[in-house]
Amino acid sequence: MRRIAVGVLFAAAFAAVAFLGRPAGSSEVEAADLGFHLDEVAARRGVDFRHHKTTLDPRLENVAPHVAGVGASVAVTDFDGDGWNDLYFTSSRFGTPNGLFHNRGDGRFESVAADVGLADLNREGIGVSMGSVWADYDGDGREDAFVYGWGFQRLFRNVDGTAFEDVSERAGVRVWMNSNAAIWLDYDRDGRLDLYVAGYFRDDVDMWHLESTRIMQNSFEFATNGGANRLFHGLPDGTFEDVTGRAGVGSTRWTLAVASADFDGDGWPDLYLANDYGPEELYLNRGDGTFELAGDVGLADDSKSGMSVSLGDVHNRGRLDVFVTNISERGYLFQGNNLRLNFLAESDGFQNVARGIVADAGWAWGAQFGDLDNDGFQDLFVTNGFISADRQRDYWYGMSKVAGAHGAIFEDAGNWPPIGEASLSGFERSRLLLRRGEFVDVAQAAGVEDELDGRGVAFADLENRGVLDVIVANQDGPALVYRNEVGSGGHWIQLALEGRAANRSAIGAEAVVEFGEARQRQVVSGGMGFASQSQRRLHFGLGAATRVDRVTIRWPSGTEQVIESPAIDRLHRVVEPAADTP
Amino acid sequence: MSQAAVAESAGPRTRFHWSRINPKHLIIFLITLILVLGEWRYAILGGYERLVATLGSCMLTEAALSRLLRGRRASLSSAYISGISLALLLKPQSGLLWPFWLGGFLAIASKYVIVYRGRHLWNPSNFAIGVLVLLAPGTVAILSHQWGNEIATNAVIWGVGLVVAGRARVLHVTLAYLAAFVVLSALRSAITGAPLMAEIAPVTGPMYQLFIFFMITDPRTTVSTRRGRMLVAVLVALVETAIRLAGDAGIAWLTPLYYSPPILALFFVGPVAMWWDLRRRARREAAPA
């Protein structure tokens, strides 16, 4: 009898494994219940852009699709200052153009990259583009572009809104790096913008003329043999000084994304790095021009494949939480995305609360927080999929042979099994994680059904309607523009901040909007996500709230500005007050 | 009693000689060493709650089932080894603890439920991992990390592992499997055209170290003869190679096997070999002299 009872329990355990082991799926939310819908309108609106992957040294042929699997980026900027968000996309193959799409204000875009001198950037001997970040670094009121990539980094000064001048050499940033990420920030709060550029492959590697195939990571979890990150300090004469060593932020992990904000509330912008093949890194700004790598905040032991870092206020607590994408693949690997709630002020740490669909979004790349349905809570859009090639062939098994091996083996690309035409986490669709108490995936119900290999994703109000549209850059594929149709009911408020002095872009400014029980914090970003930059202005959905109690803005200079009861459902242009203005 | 007499009489009882240590204790020492080194250097566990869950589940199950079905207090040493093995090898989706609880239960319960002629057929950890990976691949994977690149860590684990395997008289199993793996790697490389190092690469990772030191060598689930154990090790490597070649060929319906070829090869070969060995021995014992 006892034996039978144990046998029944044993069988029940089998059933429990099968039941509990079901993967997290999409929610059953009906489209009609969402309150918004995303329509893909890129071609109809004139955004006709396709990314092309880079070529490589022939010695990397066996892993070429893997190595060349990045470069599709999107940045939102208003390069001509007309109040309408424009779009800039990068391509990564020699001879293919980058795309700048001017927003005409009538719902259509026109391609102007060649006219302004920002198209023909991918040239042999120079390098290829991997992304761009925009800011008014010289304080002339016009948005300039820093285009990072593999090869020489380039800075383009916006002359008059109709032309861009390559000032890389003169500015001191024309350095050879293999970069997949960069951001603008004002780390020393001197009023001038600085640049943080992340290295991926080593700086001494020319991806088209290799001296050796030993260029890969030397560990899948603890690699430190990537390209060094660099911090360029902006000087009054418009040039930049490399202060990496002095500042202590020259990580040689394989950084794929960077975000900056004041995580610990000390008034100084910190750096948060998502590193491929290694743990995330938080560099806390000491306020004296140097940074300290935070060692006890729970990041060092959690080694994954960080692809993107996005900041959002998940629970409207007035804190900037962190979402970092990673890799999950059925049967092979469950690194899981990280959704780290920021408790630095209370406990010196983060709490990773990613579970289910938030943790497992496939081979996830770019992600952004934003309130897509204006319900008062920030949602998450996550792009997915690495290599979509032959649907019948899968490289996961091939990669698994070397992934668990000693680093000395897979550091040499020549030891990798040939990928051929196989897919690797291909044909995955983007996730749209909506706040319904917990996050639920409503992508398909909302109209996001493509299976392209998404990389960068940005949010922008493209028609100045008070809603966030979604722009996705796809690897070796077309850019997508999802026009957001939000139903009635959700109120909103937008803030376009303009700083004084040289940082007129107000990058680093933080705004807290108080409505009802909520206190939602957002930061003006100089680049966020993976190979992405969303619109400069801040968008707050308010849900059913019919008034905003207060907006508190902390400018990078340290000036704090409070705006009581601002009008809702409109964009507020706010100029930084003089230091002695209350 | 003179001092000399004391020394003479005390000597044989107190002088340490490692050959006197129970091999099982050496294995416990080795797996604890791997746990400590892996966690200290590489945070390999992914959270202490996982260790608590598997150790707790294995030990509780062992204690309860031993009392319930055999009426005696159980030794918890094998439950300890299984618990640590599972904590190290299971890598499920973030935040999930049930694979550790259920894995621990399945591992130990299999020893009491799936029995043939009084012997269990599967290595407990191997059984639990096989069931979890085959039934729940959507949420459970196994260890795919590596020990980083420090030669010292690898050298310590390999060195101690080989010594312990020798002391436990299972070194021939480890070496037979390793030799077969390397030869078959060359064969796979020749067949598929993949770099030889890509085929040999897996055996340099920690998952394989756990496999060759704790799973394939488990004295309780290996056949009775030395030659037979070596043959089974080679058979496991052969089945693993078949799985790997199928993976290279991209045979879709066999995909669940590609997640962990060595562990699943042992999952299929091990119990069949045990069953055949037990049956053969029973027939031989039953045969008239």
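The rules we used
- Residues numbered from 1 in each chain as written.
- Chains lettered and ligands numbered in written order.
- Predicted model: local features only at pLDDT ≥ 70, side-chain atom pairs only at ≥ 80, totals over all residues.
- Pairing = 2+ DSSP bridges.
- Helix = DSSP H or I, 4+ residues; strand = E, 2+ residues; numbered from the N terminus.
- Axes fitted to C-alpha atoms, helices over the stretch in contact; angles between N-to-C directions.
- Core = buried A, V, L, I, M, F, W, Y, C linked by C-beta atoms within 7 Å.
- Buried ≥ 20, exposed ≤ 12 C-beta atoms within 10 Å, placed from the backbone.
- Contact = placed C-beta atoms within 7 Å.
- Parallel < 35°, antiparallel > 145°, perpendicular 65-115°, else oblique.
- Left-handed = near helix turned anticlockwise from the far one by under 90°.
- Nonpolar A, V, L, I, M, F, W, Y, C, P; charged D, E, K, R; others polar.
- pLDDT = per-residue confidence, 0-100.
- Expected span 1.5 Å × (residues − 1).

1. Some points on the sheet that holds strand β37 (residues 538-543) of chain A
All names here are of chain A.
No. 1: Taking strand neighbours across the sheet as the criterion, the three strands line up as β37-β33-β40 in an open arrangement whose pairing is mixed. Edge positions in the sheet fall to β37 and β40 (571-575), since each has one partner strand and no second. For this sheet, the mean angle separating the axes of adjacent strands, direction not counted, is 25 degrees.
No. 2: With five bridges joining them, strand β33 (residues 491-498) and β37 adopt antiparallel strand pairing. Following the sheet pairing, H491 is matched in β37 by G543.

2. A short note on the nonpolar core
No. 1: Counting 264 residues, the largest nonpolar core has A:A182, A:V258, A:I471, A:A479 and B:I142 as its most contacted members.
No. 2: It is helix α5 (residues 98-113) of chain B that provides the largest number of residues to this core, a total of nine residues.
No. 3: If we ignore the near neighbours within four places in the chain, the residues touching A:A182 are A:V133, A:F146, A:Y148, A:L195, A:Y196, A:V197, A:A198 and A:G527.

3. A closer look at the packing of helix α8 (residues 171-192) of chain B against helix α11 (residues 226-249) of chain B
Residue and element names in this part refer to chain B.
No. 1: Two elements in contact, α8 and α11, have axes separated by 8 Å at closest approach and are oriented at 30 degrees. Taken together, the axes of α8 and α11 are roughly parallel relative to one another. Between α8 and α11 lies a crossing whose hand is right-handed. Contacts from H172, V173, A176, Y177, A180, F181, L184, R188, I191 and T192 of α8 reach α11 at R226, R229, M230, A233, V234, V236, A237, L238, T241, R244, L245 and D248.
No. 2: Each residue belonging to the contact of α8 with α11 can be placed in one class, and the counts come to 14 nonpolar, three polar and five charged.

4. Thoughts on the pairing of strand β7 (residues 144-152) of chain A
Residue and element names in this part refer to chain A.
No. 1: The buried fraction of β7 is high, at eight of nine residues.
No. 2: Judged from the three bridges that link them, β7 and strand β8 (residues 154-158) form a sheet pairing that is antiparallel. Counted as the bridge partner of V147 is R154 from β8.
No. 3: The loop that links β7 with its antiparallel partner β8 comprises one residue.

5. Section: the confidence of the model for chain B
All names here are of chain B.
No. 1: The predicted model of chain B has a mean per-residue pLDDT of 88, with 91% of residues at 70 or higher.
No. 2: Across chain B, element-level confidence peaks in α5 with a mean pLDDT of 97 and bottoms out in helix α1 (residues 3-14) with 45.
No. 3: Among the scores for the predicted complex, ipTM is 0.88 and pTM is 0.93.

6. A short note on the packing of helix α4 (residues 77-89) of chain B against helix α6 (residues 124-135) of chain B
Geometry of a packed helix pair, given as the angle between the helix axes and the separation of the axes.
Residue and element names in this part refer to chain B.
No. 1: Interaxial distance between α4 and α6 falls to 9 Å at its minimum, and their mutual angle equals 35 degrees. Along this stretch, α4 crosses α6, giving a crossing that reads as right-handed. For the pair α4 and α6, the contacting residues are S82, S85, L86 and L89 in the first and P124, S125, A128 and I129 in the second.
No. 2: In the contact of α4 with α6, the residues fall into five nonpolar, three polar and no charged.

7. Digging into unusual backbone geometry
All names here are of chain A.
No. 1: One non-glycine residue, N316, adopts positive backbone phi at about 50 degrees.
No. 2: Structurally, the position occupied by N316 is in the loop between β18 (309-312) and β19 (321-324).
No. 3: Classification of N316 by C-beta neighbours within 10 Å gives buried; the count is 21.
No. 4: Here the phi dihedral of D476 falls at roughly 55 degrees; this positive angle occurs in a residue that is not glycine.
No. 5: Structurally, the position occupied by D476 is in the loop between β31 (469-474) and β32 (480-486).

8. Considerations on the environment of A:A443
Residue and element names in this part refer to chain A.
No. 1: Within the secondary structure, A443 sits in helix α12 (residues 443-446).
No. 2: Here A443 falls in the buried class, since 21 other C-beta atoms lie within 10 Å of it.
No. 3: Distance from A443 to F152, taken between C-alpha atoms, is 38 Å for residues 291 residues apart in sequence.
No. 4: With near-sequence residues (within four places) excluded, A443 lies in contact with R429, S430, R431, L432 and V448.

9. Points about the interface of chain B and chain A
No. 1: With 48 residues of chain B at the interface, the matching set in chain A holds 51 residues.
No. 2: Of all the elements in the fold, those that place two or more residues in the side of chain B that touches chain A are α3 (48-70), β1 (90-92), α5, α6, β4 (140-142), α9 (196-200) and α12 (255-258) of chain B.

10. Focus on α11(B)
No. 1: Under the 1.5 Å per step criterion, the end-to-end length of α11(B) is 35 Å for 24 residues, consistent within 8% with the ideal 34 Å.
No. 2: Every buried residue of α11(B) is listed here: B:R229, B:V232, B:A233, B:V236, B:A237, B:E240, B:T241, B:I243, B:R244 and B:G247.
No. 3: Lining the buried residues of α11(B) we find α10 (396-403) of chain A together with α8, α12 and α13 (261-286) of chain B.
No. 4: Among the residues trailing α11(B), B:G250 stands out with phi positive, at a value near 75 degrees.

11. Quick word on the pairing of β18(A)
All names here are of chain A.
No. 1: With burial as the criterion, each face of β18 is covered, one bearing V309 and L311 and the other bearing S310 and G312.
No. 2: The pairing of β18 with β19 spans four bridges and is antiparallel. Counted as the bridge partner of V309 is V324 from β19.

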